[in-house]
Amino acid sequence: MVLAASVNGYCQSVRTDTIGFSVFFKQGRSEIDMSYRDNGRNLNSFADTIAALEDDPLANIKYIYVEGAASPEGASDYNQALSERRSESIKRWLVKNTPLMEGQIRTSSIGVDWDGLAALVAETEWEYSDTIVSLIRNTPLWISRNGQVVDGRKKRLMDLDGGKPWRWMLDSLYPELRQGGADVKCYVIRI
């Protein structure tokens with residue numbers, strides 16, 4: 001995005017950039033393993049980029065946003081806590097290994113990465129793809145009656161066609177979600 005701004009009385013163009021990458025975690029883990037997948041390369045490259053931006057008088061790092069996530073299997077409360085630990089782990093790494101200060105880094109935790117699952121399913125040419133994406137998009141996380149949880153998104157996915165699609169996703173798609181874990185985005189304003 002390019003905007004016009006007045007800087008010291010002169011009209012300057014202002015551009016906002018977003019720099020992003022993913023950090024991968026082993027199943028059920030929240031510690032950063034620099035040798036796992038592309039973590040070392042991604043994190044070190046990002047640290048170099050942050051250092052260069054800090055030295056650039058025409059760039060201003062607005063903030064860093066870290067979003068932790070987990071795969072759908074497992075208990076919801078565990079997945080929420082795991083995604084929180086993952087985003088905090090990345091925040092600690094960034095504070096320790098870049099010139100960023102804690103206040104510049106915002107974290108959030110989404111628990112289960114339902115959007116990530118829907119995207120993975122949508123990329124397949126599988127007979128259940130449309131049904132699963134529709135279930136993910138249109139079924140509430142929890143359905144309750146008289147104060148009791150009686151149904152929900154995960155249960156409906158597990159019950160679909162006797163569990164056949166759930167088992168396929170467990171073997172074929174969940175490994176990618178399990179190994180996912182966090183997205184990091186840096187929002188920069190350039191004059």
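Notes on the structure follow. What you see is a predicted model; the values in this text were computed from it and never measured. (Residues numbered from 1 in each chain as written. Predicted model: local features only at pLDDT ≥ 70, side-chain atom pairs only at ≥ 80, totals over all residues. Heavy atoms only, no water.)

Okay, the pairing of strand β6 (residues 148-152) next. Where strand β5 (residues 142-145) meets β6, four bridges bridge the pair, whose relative direction is antiparallel. The partner of W142 across the bridge, within β6, is G152. In this antiparallel pair of consecutive strands, β5 and β6, the connection spans two residues, and N146 shows a positive phi of 50°. (Pairing = 2+ DSSP bridges. Helix = DSSP H or I, 4+ residues; strand = E, 2+ residues; numbered from the N terminus.)

Applying the stated rule across the entire model yields five aromatic pairs. Ring centres of W126 and Y128 lie 5.1 Å apart, and the angle between their planes is 65°; this geometry places the pair in the edge-to-face category. Neither W126 nor Y128 differs from the other in exposure class; each is buried. Site record: aromatic cluster; members linked through ring pairs are W126, Y128 and W168. Looking at R106, its charged tip hangs above the ring of Y63, at a distance of 3.7 Å from the centre. Directly above the ring of W114 sits R153, whose terminal nitrogen or CZ lies 5.1 Å from the centroid. (Phe/Tyr/Trp six-rings, centres within 6.5 Å; stacked < 30°, edge-to-face > 60°. Buried < 20%, exposed > 50% of the residue type's maximum accessible area, 1.4 Å probe, protein only. Lys NZ or Arg CZ within 6 Å of the ring centre and 35° of its normal.)

The set of residues buried in helix α4 (residues 129-138) consists of S129, I132, V133, L135 and I136. Burial along α4 is one-sided: seen end-on, the buried residues are contained in an arc of 160°. Facing away from the buried side of α4 by more than 90 degrees, the exposed set consists of D130 and N138. Contacts made by the buried residues of α4 are with α3 (114-122), α5 (153-159) and α6 (164-172). (Arc of directions from axis to C-beta. Contact = heavy atoms within 4.5 Å.)

Time to look at the side chain of E73. Along the chain, E73 turns up in the loop between β3 (59-70) and α2 (76-97). Among the polar contacts listed, one links the side chain of E73 to the side chain of S71, at a separation of 2.5 Å. (Polar contact = N/O pair within 3.5 Å; in protein donor to acceptor, adjacent residues only side chain to side chain.)

Along the chain, the position of T107 falls in strand β4 (residues 105-112). Spatially, the C-alpha atoms of T107 and I64 are 8.4 Å apart, while their sequence positions differ by 43 residues. The residues touching T107, leaving out its near neighbours within four places in the chain, are V66, S87, E88 and K91. A polar side-chain atom of T107 sits 3.1 Å from a polar atom in the side chain of E88.

What follows is about unusual backbone geometry. Backbone geometry at R37 places phi at a positive 50°, although glycine is not the residue there. Its location among the elements puts R37 in the loop between β2 (10-24) and α1 (39-55). Take R37: its relative accessible area is 36%, and that puts it in the partly exposed class. One non-glycine residue, D161, lies in positive phi territory at about 45°.

Once that is clear, we can look at α1. Under the 1.5 Å per step criterion, the end-to-end length of α1 is 24 Å for 17 residues, consistent within 8% with the ideal 24 Å. Taken together, the buried positions of α1 are occupied by N39, G40, N42, L43, F46, A47, I50 and L53. (Expected span 1.5 Å × (residues − 1).)

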